[in-house]
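Descriptive analysis of the structure
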Amino acid sequence: MPNDPSAVALVLSRVSAIFADEEARGVLALEDISFSVPSGAFVSIIGPSGAGKSTLMRVILGLMPHTSGTIIRKFSRPAMVFQNYALFPWLTALENVAFGLRMKRVPRRERERIAREKLKEVGLDHLEKHYPNALSGGQRQRVGLARALAISPDLLIMDEPFSNLDTITAEALKADLLKIWRTYGMTILMVNHLIPDAVELSDHVIIMKARPGRIKENVSIDLPRPRDIRSAAFFDRVDALTTTIRSVS
Amino acid sequence: MAGIVVVAMLFIVSGRLGSVEWATLLKAVLHTTYRLALAYSLALVLGVSIALLVGWSPFTDALFPVFDILQNVPSFALIPLFIYFFGYTDQMIILFAVSSIVWPILFAILTAIKNAHRDLNDAASIFGANGLRRISFYLAPLSFPAILTGSIVGIAMGWESVIGAEIIANAGGFGAFIKDASVSGISHAAIAGMLAILLIVFVVNRLVWAPLLSESSSRYAE
C-alpha cells in the first residue's frame, strides 16, 4: 500500500462555506473546518444531519465554492460514489462504468475492456447489458463503485454509500470495499452515519456537529487490521465515539 | 380508434358523406399535415438547441422568467406580423406554427434540466462531462423524456396553429377547406375532414409516441 506517512492527499484549513437557501438568505453551512487526510488513508466523517457532511464533500471536489479558508488538493483523479447511486438511466451498466473513460476519450475497445474488468471486480460482469432500472439497489451501488474505480481514482469520496441498502447487502459491499482499498491503496473519504462501520473501516473518524457544520472531534482509530468487530477494544472505540456523538446531537 | 372507425362507417353507410369531394379534402388534409410536419421539425431543432444551450449556460434561472413571458404572448396575436413579413404563403403558416410549437418543447427540456437530481449533475461533472461534451453526453440524453412530452404537447398546439392560421389567412390546407365548407353550408365535408385528422393523430400517436413514451418511462423511472 502506498502509504507514505509524510504525504497528504488533502488539507483543509479554516474552510467556511455559505450557501443561499430558498429565501436567498445566506446560511453558514460549514464553519472553520480544518483537517488533513494522509495519502492512502481511510477517513470517515460522521455527524447528525444538517452538519454539512455532503456540502463538505462538494466543497472538497470543487463542485461548490467555499467562502473562506484554504483547500490544498493533492489528488488529481477524484471519483465519487453516491447514496442514491446517481447512475445515468440512459446507459447500460457497462456504459455507466465506462463513462469517465469515455469523457477522457479512451478508445471504445479499451474502455469497455477496463469497464468489464471493474464490473467483474464488483461481481456484476453478468449484468453489463442491464440498464440501472433493471438492477437492485445493491447492484446499482456496485455499478456506482465500478464507475468510480474505472478512472483509477486517487481519492474516492463516498457519501453514505450503504444507507439505502439492507444490512446483508451493505455488509457484503463493505467487505468488497475493504478488499478494493487494500488492492488500490487510494485515499478514501466516507460520509457515514453508523459508528461501528466507521470504526471498522477507518484510520481516522471526524465527528461533525450541526448548525453550523463544525468539526467536533478528529479521532484516530489505531486498531490493527483486519479488525475484529467483536473485540473489547473495538467496543471501547464505538462506545467512546457514541458518547461524543450524543453530545453533539 | 374503434369509435372513430364506427362513426366514419356510419356516415359512409348512411350515404351522408356522398356529397364530399374526397380528392379535394384529402389534398387539403395532406397539405395541413405537411405544414405541421415541417413546422414541428423546425421547432424541434430550434427548441432543443436553445433549451440545451440555455440549460448548459449558467443563465437558466435568469432566462426562465423571460421565456415565460414570451410564451404567454398569445400566438394568434402575432399572426399579422407573420403575414406582414411572409404574406399568405406556406412559409408564413409554417413559421407561425413554429412560434407556437417551440415553447412547450423548450420549457419541458429546461424544466427537466433544472429539476435534475443534484447528485446526477455532480456525477456528470466528476466523471468529466464538462464543456460542450456536457451537452451531448449528459444534458441531451437527460432531456429525452422531456423532448417527448414537449413534442406531444407542441404538436397538439401545432394543429391548432396551422389550421387556425389557414382559416384566418385563407391560405389553403384543411383550415381553408372547412372555412369554405362552412360558408357554403357543406358541414358534412368539415366533419369528414375532422375524422381524417383524428385518424392521422391517432396513427401517429400509436406508431410513434406511445412506443417512445413507454420506453422512456420505464428506463428513466427511479
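Everything discussed here concerns the structure shown above.
Residues numbered from 1 in each chain as written. Chains lettered and ligands numbered in written order. Predicted model: local features only at pLDDT ≥ 70, side-chain atom pairs only at ≥ 80, totals over all residues.

With that settled, consider the sheet that holds strand β3 (residues 42–46) of chain A. Residue and element names in this part refer to chain A. Strands sit in the order β5-β6-β7-β3-β8-β9 across an open sheet of six strands; the sheet is mixed. Edge positions in the sheet fall to β5 (78–81) and β9 (214–220), since each has one partner strand and no second. Averaged over all adjacent pairs, the angle separating strand axes in this sheet is 20°, with direction ignored. As defined by bridge partners, strand β8 (residues 204–209) adjoins β9 across six bridges and the pair is classed as antiparallel. Opposite methionine 208, over in β9, you have isoleucine 215 as the bridge partner. (Pairing = 2+ DSSP bridges. Helix = DSSP H or I, 4+ residues; strand = E, 2+ residues; numbered from the N terminus. Axes fitted to C-alpha atoms, helices over the stretch in contact; angles between N-to-C directions.)

Residue and element names in this part refer to chain B. Judged by nonpolar contacts, the single largest core of 127 residues is most densely connected at Ala97 and Ile109. In terms of residue count, the dominant contributor to this core is helix α5 (residues 90–115) (17 residues). In this structure isoleucine 109 touches Val48, Ala51, Leu52, Gly55, Ser143, Ala146, Ile147 and Gly150, once residues within four positions along its chain are discounted. (Core = buried A, V, L, I, M, F, W, Y, C linked by C-beta atoms within 7 Å. Buried ≥ 20, exposed ≤ 12 C-beta atoms within 10 Å, placed from the backbone. Contact = placed C-beta atoms within 7 Å.)

Take the interface of chain A and chain B next. Between chain A and chain B, the residue contacts involve 19 residues of the former and 18 residues of the latter. Put simply, the parts of the chain that give the side of chain A that touches chain B at least two residues each are β5 and α2 (93–103) of chain A. A class-by-class count of the residues in the side of chain A that touches chain B yields 13 nonpolar, three polar and three charged. (Nonpolar A, V, L, I, M, F, W, Y, C, P; charged D, E, K, R; others polar.)

Now for the pairing of β8(A). Residues and elements named next belong to chain A. In terms of burial, β8 is largely enclosed, as six of its six residues are buried. With burial as the criterion, each face of β8 is covered, one bearing His204, Ile206 and Met208 and the other bearing Val205, Ile207 and Lys209. Bridge count between β3 and β8: four bridges; the pairing is parallel. Of the residues in β8, the one forming a bridge with serine 44 is valine 205. Connecting β8 to the antiparallel partner β9 that follows it, the hairpin turn spans four residues, and arginine 211 within it adopts a positive phi of roughly 45°.

Turning our attention to unusual backbone geometry. Residue and element names in this part refer to chain A. The amide bond that connects arginine 211 to the next residue, proline 212, takes the cis arrangement and shows omega of -10°. Structurally, proline 212 can be placed in the loop between β8 and β9. Note that the residue after arginine 225, namely proline 226, is joined by a cis bond; omega there is -5°. Looking at where proline 226 falls in the secondary structure, it is placed in the loop between β9 and α7 (232–248). If you check the backbone angles, tyrosine 85 has positive phi at about 70° while not being a glycine. The topology assignment puts tyrosine 85 in the loop between β5 and α2. With 23 C-beta atoms packed within 10 Å, tyrosine 85 lands in the buried category. Even without being glycine, serine 152 reaches a positive phi, approximately 40°. Along the polypeptide, serine 152 turns up in the loop between α4 (137–150) and β6 (155–159). Since 14 C-beta atoms lie within 10 Å of it, serine 152 is described here as partly exposed.

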